[in-house]
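Notes for the structure review
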Amino acid sequence: MIDILPLYYDMDGLATDAETWKDLIENNKNILHVDTVNGYQVSTILVGLASPMGEGKINIFETIVFDQYGKDIEVKRCDTPSEASYWHKSLVKKYKEIN
């Protein structure tokens, strides 16, 4: 039997309905962290749509590093708010060290 994952998730990483998810996205309530370091923007958000990648991973949070031209140069995806915060802090530290 195939397990069917919920499609929509909230800021706590819990399954939610389409209307709640839509409100989060449309009203920018899905932003966890945004930092600018040495000309790079590190942004961590809730995508909130299950994107299974095997081994039970749903990848509903995304941390992206943008260069000074707005091009994404590094992406990390994960399942929980704590993992998302970890990746955000790690990438902020990494890009602070770039001169």
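Residues numbered from 1 in each chain as written. Predicted model: local features only at pLDDT ≥ 70, side-chain atom pairs only at ≥ 80, totals over all residues. Heavy atoms only, no water.

**Focus on unusual backbone geometry**
- Of note in this structure, N28 is not a glycine but carries a positive phi near 55°.
- Along the polypeptide, N28 turns up in the loop between α1 (18-26) and β1 (31-37).
- A positive phi angle is found at N59, which is not glycine, with a value near 50°.
- Following the sequence through the fold, N59 ends up in the loop between β2 (40-46) and β3 (61-66). (Helix = DSSP H or I, 4+ residues; strand = E, 2+ residues; numbered from the N terminus.)

**Structural notes on the sheet that holds β1**
- Pairing in this open sheet of four strands is antiparallel, and the strands run β1-β2-β3-β4 from one edge to the other. Looking at the sheet topology across the chains shown, the edges are occupied by β1 and β4 (72-78). Averaged over all adjacent pairs, the angle separating strand axes in this sheet is 10°, with direction ignored.
- Sheet analysis places β2 next to β3, joined by six bridges and oriented antiparallel. Bridged to T44 within β3 is T63.
- Across the face of the sheet, helix α2 (residues 81-96) comes into contact with β1, β2, β3 and β4 while running at roughly 5° to β1. (Pairing = 2+ DSSP bridges. Axes fitted to C-alpha atoms, helices over the stretch in contact; angles between N-to-C directions. Contact = heavy atoms within 4.5 Å.)

**A short note on the nonpolar core**
- Of all hydrophobic cores here, the largest spans nine residues; its members are Y9, L24, L46, A50, I58, I60, F61, C78 and A84.
- Among residues more than four places away in sequence, those in contact with C78 are N59, I60, F61, E83, A84 and W87.
- Of all hydrophobic cores here, the second largest spans seven residues; its members include Y40, V65, L91 and V92. (Core = buried A, V, L, I, M, F, W, Y, C linked by side-chain atoms within 4.5 Å. Buried < 20%, exposed > 50% of the residue type's maximum accessible area, 1.4 Å probe, protein only.)

**Thoughts on the packing of aromatic side chains**
- Counting across every chain of the model gives three aromatic pairs.
- Both rings, one in Y40 and one in Y95, keep their centres 4.8 Å apart while their planes meet at 50°; by these two values the pair is tilted. With Y40 in strand β2 and Y95 in helix α2, this pair connects stretches of sequence that are 55 residues apart. Pair check on accessibility: Y40 and Y95 agree, each one buried.
- Pairing Y86 with W87 gives two aromatic rings, centres 5.2 Å apart and planes at 70°, and the pair type is edge-to-face.
- A cation sits over an aromatic face here: K76 above W87, 4.7 Å from the ring centre. (Phe/Tyr/Trp six-rings, centres within 6.5 Å; stacked < 30°, edge-to-face > 60°. Lys NZ or Arg CZ within 6 Å of the ring centre and 35° of its normal.)

**Re α1**
- The N-terminus of α1 is capped by D17, whose side-chain oxygen sits 3.0 Å from the backbone nitrogen of E19.
- Within two residues after α1, N28 carries a phi angle of roughly 55°, on the positive side. (Polar contact = N/O pair within 3.5 Å; in protein donor to acceptor, adjacent residues only side chain to side chain.)

**Details of the pattern of salt bridges**
- Per the stated rule, a full pass over the model turns up four salt bridges.
- With its nearest N and O atoms 4.0 Å apart, the salt bridge here joins E26 to K22. In this pair, E26 and K22 are both assigned in helix α1, four residues apart and thus about one turn of the helix distant.
- D23 serves as the salt-bridge partner of K29, at 2.8 Å between the closest nitrogen and oxygen.
- Residue K29 is classed as partly exposed on the basis of its relative accessible area of 42%.
- Note on D23: relative accessible area 31%, which makes it partly exposed. (Salt bridge = Lys/Arg side-chain N within 4 Å of Asp/Glu carboxyl O.)

Distances and angles like these do not, on their own, reveal function.
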